[in-house]
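Spelled out, the chains give:
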Amino acid sequence: MSAEVDAHPPATRQDDAHHEARGEAQSDTLAQRSWSRDGASTSPAVEVVGAGVDYGGGPVLVDFSLAVAAGEWVALLGPNGAGKSTALGVLSGLVRHDGDLRLLGDDPRPWKPRRWATTVALVPQRPIIPPGLTVTDYVLLGRTAHIPTFGVESAADLAAVDHAFTRLDLHTFARRPVLALSGGELQRVVLARALVQEARILLLDEPTSALDIGHGQHVLELIDDLRRERGLTIVAAMHDLTLASQYADRVVLLDHGRAIGAGTPVEVLTAARVAHHYDASVRVVPDGSGGIVVVPMRPRGDPAAPGHHDDPPA
Amino acid sequence: MSAPDRPGLHATRLSPVVLGAAVLALLTMALVSVLVGAADLSPGPVLAELADGLPGVTIDSGLDARASAILWQLRLPRIVLGAIVGASLSVAGAAYQGVFRNPLADPYLLGAAAGAGLAATLVITLDPSVLPTAVTVPLAAFVGSLAGVALAVLVGRTAGGGGTAGLVLAGVAIASFLTAIQTFVQQRNADTLAEVYTWILGRLTTAGWSEVVQVLVPAAGSIAVIWLHRRTLDVLSVGEDEAATLGVDARGARIAVVVAASLATAAAVAVSGLIGFVGIVVPHVIRLTVGASYRIVLPLSVVVGAAFMIGADLLARTIVSPAELPIGVVTAFIGAPFFAILLRRNRQGVTM
């Protein structure tokens, strides 16, 4: 349903003004640069220019630029350690960085935590699960930015939680301890916590890495539906290239902290690129509806060498 | 399935029944403690005398002047003081465990109590004529406890990268170091040795109303500040990074709560000496038996902490009567085995 992998992805469902800006296909140039130039009339929901991050042991993100239109889904791809989570850290205000960041057109540097939380919601890859809290308590944590510092939740906050429970089918779990949930249930609960923040930008760090194929699909469908309903802008670090190509409008491929390709999944995810940057042997197959499927293939020739691949580096 | 749950959607809250039961236990403990002692007072007259103390009530209790003095000048202030100290140490422990996300954090492990102890010892030895009620002792204890925690946090951060194990290890090191200095200071000042030593072991023996007044204001103030942060403490349970993305000024909240908890610790230490184990046992017993949300843990820590301390003091002054045991010995003696049994029965173990 959402495999918008053609070279001309439809504009934001909410705002057709973006259509013009997104009409151009970019391949090897960093898509976001020309995109942001063309889209100057409507500022993107997320815009990063030249972000660099160094935790002290060498750069982990180098000259990273990205522009994401309101309502768009951009997937950050790349092998482990490529800088995907760090990039999400930059967008969520958790990671100190060089370069410029704009969220919904504003410079967030002077923002207080509340303003951050009502603009950007992050679904962490491995959320810390506090023992002893019920699902309701846990999801209510997402309302923190809407609750006075020394106050407690109001009826409106509970209504927001109730709404999220209905949407994500979580009412059954309302009073269960968060610790007692299965992986798929937990992912939905964490998603519910992010949703009740009522932020326009949703960041997801490997949202399906802990889930089996079916649960992973359900969660991504849910996220895509919510994006349409609420006009959410989504930036997701994803490790499953096929799922990324089916759900994201555009993908950015990172390696060693650098963005080395950006554009539609079809443009970016060539077998040669995947082979080179993931050191993996894959076949990229058209899925029959304009999209692609990335299939891992056991390297031929020397089966004992998993890193071996037939496609020479691009 | 979902329909029956919907009207009842609410955050975890403290059930009035549980709170009522805890308050009842506290009152019972206090009453028993009023009645039992070297001089036995009988319940009837004591109740009448207590009622007589209420505004607008006049009852002739039939207590003689001596019994009345024992009740009003000795037992009651001691019980009230014990209640305040127990509540302060329990709430401070719960607060430290919350902000440092560490089940082992408590006033003693983090160096707060050792810092307060050293500072108070210095004041006592420098000026042996100083009374424990003088404002300099609690003030020094407060500065000392903040310094102790600050040192532990600082060393823990540089050593362990901010991890919770690093913090506890640093706290143990700092506490041992400060205690060593305190021992050294004590030994060099033999004239005040006995006084300081009794004080270190913890005692509520010199309790009078003046000490109650002295501890009440800082204790109530810091408990109130920590109570204001109950929701923030729950948010901090998902870690500083996630809490920040949820809109909490984690650093500001941490500082406010640590200062308040250290003030509560200092106030308690200044009037009662070093009474260990309360700040770690009481909050965990509540977490393991009732719930882990700070909306439950904080109010119950006040009530249960007070009851626990009154009970411990009762044992301390009756077991080897007419002599007295140091109350810290009693809290550890009852608290530790009870806690161990609870941990064994609860598969979750020490969780927060």
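Conventions used here
- Residues numbered from 1 in each chain as written.
- Chains lettered and ligands numbered in written order.
- Predicted model: local features only at pLDDT ≥ 70, side-chain atom pairs only at ≥ 80, totals over all residues.
- Heavy atoms only, no water.
- Helix = DSSP H or I, 4+ residues; strand = E, 2+ residues; numbered from the N terminus.
- Expected span 1.5 Å × (residues − 1).
- Buried < 20%, exposed > 50% of the residue type's maximum accessible area, 1.4 Å probe, protein only.
- Contact = heavy atoms within 4.5 Å.
- Phe/Tyr/Trp six-rings, centres within 6.5 Å; stacked < 30°, edge-to-face > 60°.
- Salt bridge = Lys/Arg side-chain N within 4 Å of Asp/Glu carboxyl O.
- Buried area = accessible area lost by both parts, 1.4 Å probe.
- Polar contact = N/O pair within 3.5 Å; in protein donor to acceptor, adjacent residues only side chain to side chain.
- Nonpolar A, V, L, I, M, F, W, Y, C, P; charged D, E, K, R; others polar.

Asker: Looking at this structure, I do not really get helix H7 (residues 183-195) of chain A. What am I missing?
Answerer: The periodicity of an α-helix, 3.6 residues per turn, causes residues three or four positions apart to be oriented the same way. Between its terminal C-alpha atoms H7 of chain A stretches 18 Å, which fits the 18 Å expected from 13 residues at 1.5 Å a residue. Burial runs high along H7 of chain A: twelve of the 13 residues are buried. When we look at burial in H7 of chain A, the residues that qualify are Gly-184, Glu-185, Leu-186, Gln-187, Arg-188, Val-189, Val-190, Leu-191, Ala-192, Arg-193, Ala-194 and Leu-195 of chain A. As for H7 of chain A, its buried residues are in contact with strand S5 (120-123), helix H5 (135-140), helix H6 (155-168), strand S6 (201-205) and helix H8 (213-230) of chain A together with helix H10 (240-245) of chain B.

Asker: What should I look at first to understand the packing of aromatic side chains in this one?
Answerer: The description of two aromatic rings rests on the distance between their centres and on the angle between their planes. Residues and elements named next belong to chain A. In the structure shown here, the tally under the stated rule is three aromatic pairs over all chains. Pairing Trp-73 with Tyr-247 gives two aromatic rings, centres 5.9 Å apart and planes at 35 degrees, and the pair type is tilted. Of this pair, Trp-73 sits in strand S3 (residues 73-77) while Tyr-247 sits in helix H9 (residues 241-247); the two residues are 174 residues apart in sequence, bridging distant segments of the chain. Like Tyr-247, Trp-73 is buried.

Asker: Got a minute to help me understand the pattern of salt bridges in this structure?
Answerer: Here the idea is simple: oppositely charged side chains can pair when their charged atoms come close. All names here are of chain B. If you walk through the whole model with that rule in mind, you get 19 salt bridges over all chains. Arg-254 is the partner of Glu-240 in a salt bridge, and the nearest nitrogen-oxygen pair spans 3.2 Å. One end of the pair, Glu-240, is in helix H10; the other, Arg-254, is in helix H11 (residues 250-272), with 14 residues separating them in the sequence. Take Glu-240: its relative accessible area is 38%, and that puts it in the partly exposed class.

Asker: I'm lost on the interface of chain A and chain B in this one. Help?
Answerer: Many structure descriptions define interface size as the accessible area lost when the parts assemble. Taken together, the contacts link 41 residues of chain A with 34 residues of chain B. Roughly 3,100 Å² of surface becomes buried between chain A and chain B when both sides are summed, with 57% attributable to carbon and sulfur atoms. Taken as a group, Ile-128, Phe-150 and His-171 of chain A account for 18% of the area that chain A buries against chain B, more than any other trio of residues on that side. Run the count over chain A and chain B and you get three salt bridges. In this structure, Arg-231 of chain B engages Glu-153 of chain A in a salt bridge whose closest nitrogen and oxygen atoms are separated by 4.0 Å. The interface formed by chain A and chain B contains seven residue pairs in polar contact (both at pLDDT 80 or more). Taken together, the elements giving at least two residues each to the side of chain A that touches chain B come down to helix H4 (113-119), S5, H5 and H6 of chain A. The element best represented in the side of chain A that touches chain B is H6 of chain A, accounting for five residues. The residue makeup of the side of chain A that touches chain B, split by class, is 23 nonpolar, eleven polar and seven charged.

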